[in-house]
Each structure stands twice: as structure tokens, then as C-alpha cells.
Amino acid sequence: MMTLDDILAAGPLSTLEPGWVWLTGAGPGDPGLLTLRAADGLRQADVVVYDALVDERILDLVQPGTLVEYAGKRGGKPSPKQRDISLRLIEFAHAGKRVLRLKGGDPFVFGRGGEEALALVEAGVPFRVIPGVTAGIGGLGYAGIPVTHRDVNQSVTFLTGHDQSGLTPSAVDWPAVAKACPVLVMYMAIKHLDDIAGRLIEGGRDPNEPVAVVSNATLPDMRVLETTLSRAAAETADAGIEPPAIVCVGRVVLLRQALDWLAQSRGEPVRSLDPLGVRQSEEAS
Ligand code: SAH
């Protein structure tokens, strides 16, 4: 019989050694979505450096005496520079601490985990990565939206809604994305949603294409707005939906009419058993 310890020992690097950094994903919110490795790392760490968007309940898993340090923005103060966070990790590691760097979602998805890892390598600090459930997949799963579905898409495109300067990312070829990507999953896209939707429609997307905006996904205050591309920005603002939120563009959003398992668990009825109209068209042909 396998125990949890056996499972952890079967993979690489299950002991957090002094002087190491474990670059760890905390998942999108629900502490239950933490991986076994992340939970085990939290128990072993001397120091945990965590970001905004990491649920504080997760931090209760550390041992008494663990130094838990916040590396995000707080109380309107400017956030520490990425370089300063990397230096802090290096400093702890060089002091012989067992360091767990805890980031929201997956550390290598729009989370600057790659930058931190590069800095560690440059400083000669050994590290490992513990992937996490990313908001753009797990968060949509909690909303009853599969990011792929055979009748809809053979690809998924992950996009960030703003670039380093805080503007709509200029390095994204929006007309190409509009043409080639049936399902778009956008992080940090609330601020420029109007602009992004406009570019997609200009690029040929149907203004009536289904869109879901999912904020605080996987958490008790999760909100899901079902809308369309042309109305998404205005309705998000009207509904008072704020970041953190994932915006999903594509017909997979329709599946929520059948797959909203959270609503169903509360006794709400299934809205449609054929949200894509697939059966109907099969019957007709
Ligand atoms: N590394 C993270 C993403 C960090 S970027 C991951 O893999 O999920 C921060 C953005 O992630 C937010 O602006 C939002 O778009 C998204 N995000 C993170 N947590 C979220 C949540 N609980 N609900 C909705 N969106 C979330």
C-alpha cells in the first residue's frame, strides 16, 4: 500500500534541503487545490516568501517558528521590485535556509517564476519547481467551463491582458489570434477588456461570441459573468467584477449551461443538456 510519503519519495527531490529554494505553485485559491508536494514543502520550510493571491489559510500549514514573508503589494504601498524579491530569495538560500517561494496558480504561468528561477541559477542557488493548478484552467473548471472540448477546439491560447508597460500587449498579433485561436484564456485582462474585445472583433471575431469572466475563481466569493465579446467590458464594469479574474472567449463557455456543478450542488437546475446544439444538429442530419 502506498502512503502519501511513498508517493512523495517516488518523485525527485522530496526533501527541502538547507540552501535550496522550492519555487512552488499555490493554485488559484481553494487551499484544497494545493499539490501534495506544495503542502509537504510548506511543512519543511524555514522561510516562506509568498505573493498576493496566495490564500492565507495555506500559510497555516507551516511549522511554528517558520518565517513567513509577504512579497506582494500591500496597503497601497508599491510592490517590491522583482529584482528585490529574487535577491531576498538568494539571501535566504545563502544563509542556509530551506526556502519555499509560494506563488499563486502555477509559478511558470504569467507569474514571473521564470525570472526568479533565472536569478537563482545565476546566483548558484539550487532550486526545484513545484507546479500548481493555474487559474486559467482550474478556475474555469470551477466555473464549469472545460478549456478544451472536442466539438469546439483543438487548441487553447493563454494570453496576458497587459504587458510590462501596463498597456494592451503590443507583442500579441491580435488579428492572427482572432483568426487562429478558437478559445482564448486571458489573465489580467479586466482593465483592457474593452480594447482587447475591440481588437478581436476587428480581427473578425463574432461580437456575439460567448465570453465568461470568472473572478476569485475557486474561492467562496467566486463570481461568473456570462456575456458576449461586444458586451463583456461594459457588463463586467456594471456587475462590479474586479480582478483577479480570468476572461475566457469561445464556445466552450456555453458548456457551463450543462456543467455548472457548483450551482447544481446547490440544487439549481441544469440549464441545457445540449448547450452546443450538437445533438440537435445530429438529429436533423
Ligand atoms: N501564476 C498565476 C497567474 C498570475 S497572474 C496562475 O497560474 O494562475 C495574476 C492573474 O491570474 C490575475 O490577474 C487573474 O487574471 C489570474 N488569477 C489568479 N488567481 C485567480 C483567481 N482565483 N480567479 C480568477 N483569476 C485569477
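Note that residues are indexed from 1 along each chain, following the sequence as it is written. Local features in a predicted model are, by the rule used here, given only for residues with pLDDT of at least 70; side-chain atom pairs are given and counted only at 80 or more, and totals for whole chains, interfaces and linings are based on all residues. As a rule here, side-chain values cover all heavy atoms of the structure and leave hydrogens and water aside.

### Some points on the environment of Leu13
Strands here mean DSSP runs of E at least two residues long; helices mean DSSP runs of H or I at least four residues long; both are numbered from the N terminus. Along the chain, Leu13 falls in the loop between helix 1 (4–10) and strand 1 (21–25). Think of it in three bands: residues with accessible area under 20% of the maximum for their type are buried, residues over 50% are exposed, and the middle band is partly exposed, with areas taken using a 1.4 Å probe on protein chains only. Note on Leu13: relative accessible area 40%, which makes it partly exposed. The spacing of Leu13 and Leu200 is 187 residues in sequence and 44 Å in space, taken between C-alpha atoms. Look past the residues within four positions of Leu13 in its chain and what remains in contact with it is Trp20, Trp22, Arg37 and Arg128. Pairs of residues are marked as contacts when any of their non-hydrogen atoms sit within 4.5 Å.

### Things to note about helix 4 (residues 82–94)
Along its 13 residues, helix 4 runs 18 Å from first to last C-alpha, staying within 8% of the 18 Å computed at 1.5 Å per residue. Those residues of helix 4 that fall on the buried side of the exposure criterion are Gln82, Ile85, Ser86, Leu89, Ile90, Phe92 and Ala93. Down the axis of helix 4, the buried set is contained in an arc of 165 degrees. They therefore lie on one face. Structurally, helix 4 contributes buried residues whose contacts are with strand 1, strand 2 (47–50), strand 3 (67–70), strand 4 (99–103) and helix 5 (113–122). Downstream of helix 4 by one or two residues, Gly96 has phi in the positive range, about 80 degrees. To estimate the expected span of a helix, subtract one from its residue number and multiply by 1.5 Å. Note that the arc is computed from the directions linking the helix axis to the C-beta atoms.

### Things to note about the packing of aromatic side chains
Any two rings among Phe, Tyr and Trp, with Trp reduced to its six-membered ring, count as a pair given centres within 6.5 Å; such a pair is stacked if its planes are under 30 degrees apart, edge-to-face if over 60, and tilted if neither. Counted according to the given criterion, the structure contains 4 aromatic pairs. When the ring of Phe158 is compared with that of Tyr187, the centres are 6.4 Å apart and the planes differ by 55 degrees; the resulting orientation is tilted. Of this pair, Phe158 sits in strand 6 (residues 157–160) while Tyr187 is found in strand 7 (residues 184–187), placing the two residues 29 residues apart along the sequence. With relative accessibility at 8%, the residue Tyr187 sits in the buried group.

### Here's the deal with the environment of Gly203
Inspection of the secondary structure puts Gly203 in the loop between helix 8 (193–202) and strand 8 (210–215). For Gly203, a relative accessible area of 16% gives the class buried. Once the C-alpha coordinates of Gly203 and Val278 are considered, the two residues, 75 residues apart in sequence, prove to be 27 Å apart. When neighbours within four sequence positions are excluded, Gly203 is seen to be in contact with Pro175, Ala178 and Lys179.

### A short note on the domain arrangement of the chain
Where interface size is quoted, it is often the accessible area lost as the parts come together. When its domains are assigned, the chain resolves into domain 1 (13–133) and domain 2 (136–284). Domain delimitation follows an automatic or database domain assignment. The straight-line distance from the C-alpha centre of domain 1 to that of domain 2 is 29 Å. Buried area: the accessible area, evaluated with a 1.4 Å probe, that two parts lose upon being put together, summed over both parts. Of the roughly 770 Å² buried at the junction of domain 1 and domain 2 (both faces included), carbon and sulfur atoms supply 73%. Broken down residue by residue, the surface that domain 1 buries against domain 2 is led by Pro28, Asp30 and Phe110, which jointly contribute 56%. A carboxyl oxygen of Asp or Glu within 4 Å of a side-chain nitrogen of Lys or Arg is what we treat as a salt bridge. Inspection of the region where domain 1 meets domain 2 yields 0 salt bridges. Counted as a polar contact is a pair of N or O atoms within 3.5 Å, where, for protein atoms, one must be capable of donating a hydrogen and the other of accepting one, and residues adjacent in sequence contribute only when both atoms are in side chains. Where domain 1 touches domain 2, the interface holds 3 residue pairs in polar contact (both at pLDDT 80 or more). We call Asp, Glu, Lys and Arg charged. Ala, Val, Leu, Ile, Met, Phe, Trp, Tyr, Cys and Pro are nonpolar, and the rest, Gly among them, are polar. Partitioning the side of domain 1 that touches domain 2 into residue classes produces 6 nonpolar, 1 polar and 3 charged.

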